[in-house]
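Fold and geometry: a report
The chain contents come next:
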Amino acid sequence: MAQRAPQTPVHLTFGTEFAENTPVDPEAISPTIFINHSKPSSKHLTKKQKLQAAVAGLYDDEDLIDLQSPAQVSTWTAGHIAHTVNKIAMDDVSDQGNLEVKVDNVGPEMEMATEGVSNESVARGCVIRTEWLGTSPFYLGPLLDLQKTGGLDAVIAYREAVARDAVCFPHDPVPILSLSGIYGQLGFSDIAVGYAHRAFLIVEAAMSINKSILLKDTQSVTGAPASTVLNTLAKDMISIKLHGLGPCSMGDELQHLHRQSYQMLLAALLGTGANWDGLLLAKTALKLYPEDLELKELQHELKEAFRYRSEGYRDAQCKATMNADMVEAIQMGKIYQKKYPWMDQDLYKRTSQTLGEANEAFEGSSCEIRAVTFGTVKLDFPKKGDDVGPLGIFATRDIQQGELVMLDRTVTGVSNVPSSTLQHCDACQGCLVPPFIRPECIVHPTCCSKVAYCSLECYKAAATGYHKVLCGKDFDWMYENISVAKTSGAPSHWKAIIFLRVIAVVLADINHTRVHPLRHPLMARMSANYPPEGKILGQYDAGHQWLYFTNVVAPTQILLQLGVNIFTDTFWTPEVIQTIFWRIEINANMAATELTNRKIHLFNINPNYLFFNHSCQPNISWHGACHDGNVGIDWLMTPEGRILQPGCSGVWCIAARHIKKDEQLTISYAEDPRGDDTAEGGREVKRAWLCKWFDNGCGCPICEEENRVEAVRIKEQASQSSGVVDSQSKMDGVVHN
Ligand SMILES: C[S@@+](CC[C@H](N)C(=O)[O-])C[C@H]1O[C@@H](n2cnc3c(N)ncnc32)[C@H](O)[C@@H]1O
């Protein structure tokens, strides 16, 4: 695939083109503010550095050390540690001349990634801890610099200290804001937004600002609205601090924290590339604080980044007009899927026990889940408790063409139409509108008038599971902003809606058991798309869509509404929420129906089907919801001869040809993967779409041949630009224009 010049890189993702942000001035996020030896004198600090220094300074004030209340002891602890780690960082750096110099993962990727890092640092080299290079595509240079100067350990230690404070004093916005600043500086901008948003909620609760939906409907254990409880707790926490700090009034302090929350949110949003979200927020913030220079500067940077993105995108499209897909792509943030290195790494593992449990559903069928090898990488056989690595589905016997291999039904499916319209079964999404069902067959539960079911079976599945958690709660607000992009057919906010269902399924099981949500069987079986260990992601690597509302505001609100106290419950951190999002994104499948005379989009997590890998030459064909009702009844038939409700979330998987025992079963993730149907955009669009799951082709002969041709083309281009004629290619008769 052709790539543009690095200045205006374009990445194709999810069926829409995506132009990068303008690279943000690396100085502006320099992590050195944590490290005394290189702390610039304040007169040379940019506005944003001052902002970040101010946040770091919340912990760095010697005056705080004498304070006696528990709240201040926490501040003192972190402040003290900040001083100590700064000193360690200085010692590290002064010793650096003696450090062994190792450059073991510098390749072409690294060369691109190190743009903006001084030559000296690359030349001297060091072992890059890729797991600490953040999730934002925009801050690689400064992050490499941080590692090069030996400052990373100091920031990590500081993060740990502040995180402990945040756990000890969950209603104090100060450590939470500080955590946001630290994650921002470590390049984990998605998580920085998550923490800034939480601090913002606490501050707004303490200020009794009641204009947003953020805490609406939330009930505490005592039945009082949680916002009131939060209001009291946050106010108490801040007043304890003010007692020690002296003259400033509670109102002033709250306003200060409020502004700071806005600033942290905007700075972090800039790092995610969700510039549009940032601009909307900046507008609100500047209405409240029109004279705030930091806010103005952040607004300016967001505008610049947004303008740059729009222009790059327009150039890439070579079109003057924008359709809904393009607008959506320009507004979208971009984040790399990564394991968060401070999280318990076991939470990312799928062990042989996970595999065994997942395989229980396959008993008696013609296939099972096994470890799979993609490409030429040979994996060691996993030891007990190890991660089993990538998985796939394999035939356990010869399968005949046309055989039904799997019918996977699920209640983890939703649509962009709320269940409260009573047009579809809340559990299976089957159509509840005549002629697809007789009205007397519809089950209306007594507990709740907002949902209906196509059968007793669906009712029971819901009532004994996820509906216990959702009953009586109004989530229609989530559907208000849903826009369905015209061509990709993917509403941008679907992820929040399926997040709600997945979380309800999980909470129904773990609410009283204290099992970590990522260990719930549904969550534990799903993989996300993490880069191979040691890989430094460059600007052309596939990023994933990210939005403030979808990835932070909505899930926070969902959890609060479901009675989870996200401030005190250490399971539901922003990093856990984002990890759940990544798992959903990689494993969900979509379909559309028009049974009710309008297009309805379905989003499913089918727990067994999700183990199928992709091939552009698949041996399994599948069909999901019955899109227009115009198909034979056998289309909806279960192996036992039962007819499922039209429009339901079941997925039928059928052998497209004869399959031999032990062959891997593969499907297409891209409808017609060859792109023969040009209405779908042709083969190039299909390859681009697949980048969401793997960026170097699926390993099938079609992708391999394309890779080979592309490699030759790049080689030729390189030799042409250096004036060297690649005579070997010509001899081979390979000519590419
Ligand atoms: C829906 S999951 C499929 C099951 C997955 N392999 C697992 O281990 O759970 C999709 C993920 O599988 C991997 N995958 C699927 N097909 C692939 C292929 N042909 N080549 C490389 N990776 C593939 C990608 O990591 C993708 O994100």
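Data block above holds the structure.
To keep things clear, this report deals only with the structure shown in the data block. (Residues numbered from 1 in each chain as written. Predicted model: local features only at pLDDT ≥ 70, side-chain atom pairs only at ≥ 80, totals over all residues. Heavy atoms only, no water.)

Quick notes on the pattern of salt bridges
Two side chains with opposite charge may pair up if their charged atoms get near one another. Enumeration according to the criterion identifies 23 salt bridges in this entry. Its salt-bridge partner being Glu457, residue Arg409 comes within 3.5 Å of it at the nearest N-O pair. You can see Arg409 sitting in the loop between β6 (404–408) and β7 (413–415) and its partner Glu457 sitting in helix α15 (residues 456–463), a full 48 residues away along the chain. Across the salt bridge formed by Glu710 and Arg713, the nearest N and O atoms sit 3.0 Å from each other. With Glu710 and Arg713 both in helix α22 (residues 701–721) and 3 residues apart, this pair spans about one turn of that helix. Judged by relative accessible area, Glu710 falls into the buried class, the value being 16%. (Salt bridge = Lys/Arg side-chain N within 4 Å of Asp/Glu carboxyl O. Helix = DSSP H or I, 4+ residues; strand = E, 2+ residues; numbered from the N terminus. Buried < 20%, exposed > 50% of the residue type's maximum accessible area, 1.4 Å probe, protein only.)

Brief notes about the sheet that holds strand β5 (residues 391–395)
Pairing within the open sheet is mixed, and its 4 strands lie in the order β4-β5-β14-β11. In this open sheet, the two strands that pair with only one neighbour each are β4 (367–371) and β11 (613–614). Sheet analysis places β11 next to strand β14 (residues 664–667), joined by 2 bridges and oriented parallel. When the sheet's bridge partners are listed, Asn613 is paired in β14 with Thr666. (Pairing = 2+ DSSP bridges.)

Focus on helix α7 (residues 173–185)
Helix length check: α7 (13 residues) gives 18 Å between terminal C-alpha atoms against 18 Å at 1.5 Å per residue, within 8%. The buried fraction of α7 amounts to 13 of the 13 residues, a majority that puts the element mostly inside the structure. The opening residue of α7, the one whose side-chain oxygen lies 2.9 Å from the backbone nitrogen of Val174, is Asp172. Directly after α7, the chain includes Gly187, whose backbone phi takes a positive value near 85°. (Expected span 1.5 Å × (residues − 1). Polar contact = N/O pair within 3.5 Å; in protein donor to acceptor, adjacent residues only side chain to side chain.)

Let's talk about the site of the ligand
Arg350, Leu391, Asn529, Asn613 and His614 are the nearest of the 17 residues found near the ligand. For the ligand, an oxygen atom lies 3.3 Å from a polar atom in the side chain of Ser527. Protein chains bury 91% of the 570 Å² of accessible surface belonging to the ligand in isolation. Of all elements in the fold, only α20 (574–587) and β11 reach the threshold of two or more residues within the shell around the ligand. Residues of the shell around the ligand, tallied by class, amount to 11 nonpolar, 5 polar and 1 charged. (Near = heavy atom within 4 Å. Areas by Shrake-Rupley, 256 points an atom, 1.4 Å probe, with all protein chains shown as cover. Nonpolar A, V, L, I, M, F, W, Y, C, P; charged D, E, K, R; others polar.)

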